[in-house]
Amino acid sequence: MKVDATTFEGMHTPIYILEETLLRRNLQLISDVARRADAEIILAFKAYALWKTFPVFREYIHSTTASSLSEARLAFDEFGAPAHTFSPAYTDAEIDEIARCSSHITFNSLTQYARYSSRVRDVNPQLSLGLRINPGYSEVGTMLYNPCAPGTRFGISPDKLPERLPEGVEGFHCHCHCESGADVFARTLVHIEDKFSKWFPHLRWINFGGGHLMTREGYDTDLLVDTIRGFHSRYPNLDVILEPGSAFAWRTGSLVSHVVDVVEDQGIKTAILDVSFTCHMPDCLEMPYHPEVRGAQLLPLEAACEPCTYRLGGNSCLAGDFMGAWRFQKPLAVGDTVVFEDMLHYTTVKTTMFNGISHPAIGFLHADGNLEIMRSFGYEDYKKRMN
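Residues numbered from 1 in each chain as written. Predicted model: local features only at pLDDT ≥ 70, side-chain atom pairs only at ≥ 80, totals over all residues. Heavy atoms only, no water.

## A closer look at helix H6 (residues 182-196)
Over its 15 residues, H6 runs 20 Å from end to end, which matches the ideal 21 Å to within 8%, given 1.5 Å per residue. Next to the buried residues of H6 lie strand S8 (169-173) and helix H7 (221-234). (Helix = DSSP H or I, 4+ residues; strand = E, 2+ residues; numbered from the N terminus. Expected span 1.5 Å × (residues − 1). Contact = heavy atoms within 4.5 Å.)

Here's what the structure looks like:
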């Protein structure tokens, strides 16, 4: 079916809509950065895992990164290439299958490496093994997302590494960013090199993790390329890997919702929608941040009493399932469409069916204007999740 990508008129149920032209724009930029920097940039499933779009991704990139057995299988079975896999802790029940589905496995601790390194090599002799390191430095301000915060469970600090690495270690993995700029990476790299470079001559690769938001407007891709090239000149033996998630899906689509009621208390008007922040946009409450609403102006919460200004409320029983306030161009009425911008990363991978609320469908808006419904959800999906 043809749809108007501006108004989404005619859509009467909630739906995430991924736009092919916007996705290809990001993929082209990422592919260009990888080529210029002589780095491998791979897709992190933790931010985006819509596997029916993998044929498009394979035109631009060749690998993905997994954090679990299910993600490793998705890489192997659906993307068609073994995964770069990292998990905080592997288990006896899953480690063999993970090894079969992976090209790289990174261990979070020396104890995990000692327990499983020989076993995974027996299962898959082609595996390249690495260790996650922790430089103790990150500029991520939200502690929920800071992997280097005091007491972190992620990675090995330099004082815990032996002078001689365990036999078979070929790489380091270091993740310190969250939607960060190239300047942050340049500053962080100084700390990584200062604390870990003495081991670099013994390695084949280093993975600088995710959070490199190179598709965001204003991101300095030239600085990123120059920083990686400089690193290559100092350590020509090391292949460089980046594994962003958000960067691939950044501003590639929206969540289309509808007003189902308008309520008022103490002068504050709330437009209740057929979607939920806690179920369908959880990062808005976790991060937290206010999403952009198409055709509306974000105002301070106390402005919710002003004309044409509303809090937006989710359709769940959670008291805090609301955000606001936004001023619209005219008063909202039941049936009006409310479009949340930039809702393809860290949404579809984190949604829940809390309260059994109608789950948004997932659509792919092709370059020719035709909307393909890749997945819709109903009672049977909810029942399976609850059993």
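## As for the nonpolar core
Counting 96 residues, the largest nonpolar core has Phe 172, Phe 200, Leu 312 and Phe 340 as the members making the most contacts within it. Tallying contributions element by element places helix H1 (residues 20-37) first for this core, with six residues. Listed in part, the ten residues of the second largest apolar core include Val 3, Val 339, Ala 361 and Leu 365. (Core = buried A, V, L, I, M, F, W, Y, C linked by side-chain atoms within 4.5 Å. Buried < 20%, exposed > 50% of the residue type's maximum accessible area, 1.4 Å probe, protein only.)

## Points about the pattern of salt bridges
According to the stated counting rule, one finds 23 salt bridges in the structure shown. The closest approach of N and O atoms between Arg 327 and Glu 306, which form a salt bridge, is 2.3 Å. Separated by 21 residues along the polypeptide, Arg 327 in strand S15 (residues 322-327) and Glu 306 in the loop between strand S13 (297-298) and strand S14 (309-313) bring together distant segments of the chain. When its relative accessible area of 32% is taken as the criterion, Arg 327 is described as partly exposed. (Salt bridge = Lys/Arg side-chain N within 4 Å of Asp/Glu carboxyl O.)

## Regarding the sheet that holds strand S2 (residues 40-41)
Strand order in the open sheet formed by nine strands is S2-S10-S9-S8-S7-S6-S5-S4-S3, with parallel pairing between adjacent strands. Since the sheet does not close on itself, it has two edges, and those belong to S2 and strand S3 (43-44), each with one partner. Here strand S7 (residues 128-132) runs beside S8; their pairing, made up of four bridges, is parallel. Paired with Arg 132 across the bridge in S8 is His 173. (Pairing = 2+ DSSP bridges.)

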